[in-house]
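Here are the chains, one letter per residue:
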Amino acid sequence: MPDIRQEISEWLNVEQNRLNEIEIEDVEFTPFAQQNINNAVSQMLSLSHNPMGQFVGQTVPQYEGIPCKGFWIENSKDLVLYVRIGNQSRAIIVPREGWMIREDITIN
């Protein structure tokens with residue numbers, strides 16, 4: 001498996017030390033950003049779907065069960081979601097105004 005941070009760094013031409021990992025469960029999205037994310041994931045799922053009704057390389061995922069890593073970019077505060085479904089991977093960029101830290105989390 002490739003180093004996700006290195007891959008994103010190369011895709012976006014951002015230094016690796018500028019990518020800060022964040023737990024997706026700690027993030028809240030605006031409705032518009034959520035819709036864009038859902039559209040991108042739906043497109044990936046449809047491309048992974050074969051005629052037999054199974055997803056290539058995995059069982060039918062639930063929304064929360066889709067493998068995803070999150071990184072916020074230090075300078076811009078944009079959020080990069082790295083989604084991997086089957087043999088596809090995609091970086092979904094959520095602008096700074098499209099996400100925020102959830103208010104109901106406990107920070108240790």
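Calculation notes
- Residues numbered from 1 in each chain as written.
- Predicted model: local features only at pLDDT ≥ 70, side-chain atom pairs only at ≥ 80, totals over all residues.
- Heavy atoms only, no water.
- Salt bridge = Lys/Arg side-chain N within 4 Å of Asp/Glu carboxyl O.
- Helix = DSSP H or I, 4+ residues; strand = E, 2+ residues; numbered from the N terminus.
- Buried < 20%, exposed > 50% of the residue type's maximum accessible area, 1.4 Å probe, protein only.

S.K.: So what exactly am I meant to see when it comes to the pattern of salt bridges here?
M.R.: Two side chains that carry opposite charge are able to pair once their charged atoms sit near each other. Applying the stated rule across the entire model yields four salt bridges. In this structure, the salt-bridge partner of glutamate 74 is arginine 18, at a minimum N-O distance of 3.0 Å. You can see glutamate 74 sitting in the loop between strand E3 (68–73) and strand E4 (79–85) and its partner arginine 18 sitting in the loop between helix H1 (4–12) and strand E1 (19–22), a full 56 residues away along the chain. One salt bridge in this structure joins aspartate 104 and arginine 102, with 2.7 Å as the shortest N-O distance. Here aspartate 104 falls in the exposed class, since its relative accessible area comes to 58%. Via salt bridges that share partners, Arg5, Glu21 and Lys69 belong to a single interconnected network.

S.K.: Please clarify how unusual backbone geometry should be interpreted in this entry.
M.R.: If a residue is not glycine, its phi is most likely negative; likewise, a peptide bond is most likely trans. One non-glycine residue with positive phi stands out, namely asparagine 13, at about 55 degrees. Inspection of the secondary structure puts asparagine 13 in the loop between H1 and E1. For lysine 77, which is not glycine, the phi dihedral falls at a positive 65 degrees. By secondary structure assignment, the location of lysine 77 is in the loop between E3 and E4.

S.K.: Explain the environment of isoleucine 37 to me, please; I cannot follow it from the model alone.
M.R.: Checked against the element boundaries, isoleucine 37 lands in helix H2 (residues 31–48). Taking relative accessible area as the criterion, isoleucine 37 reaches 6% and is therefore assigned buried. Distance from isoleucine 37 to valine 83, taken between C-alpha atoms, is 10.0 Å for residues 46 residues apart in sequence.

Everything listed here is a matter of coordinates, which is why it stays silent on function.
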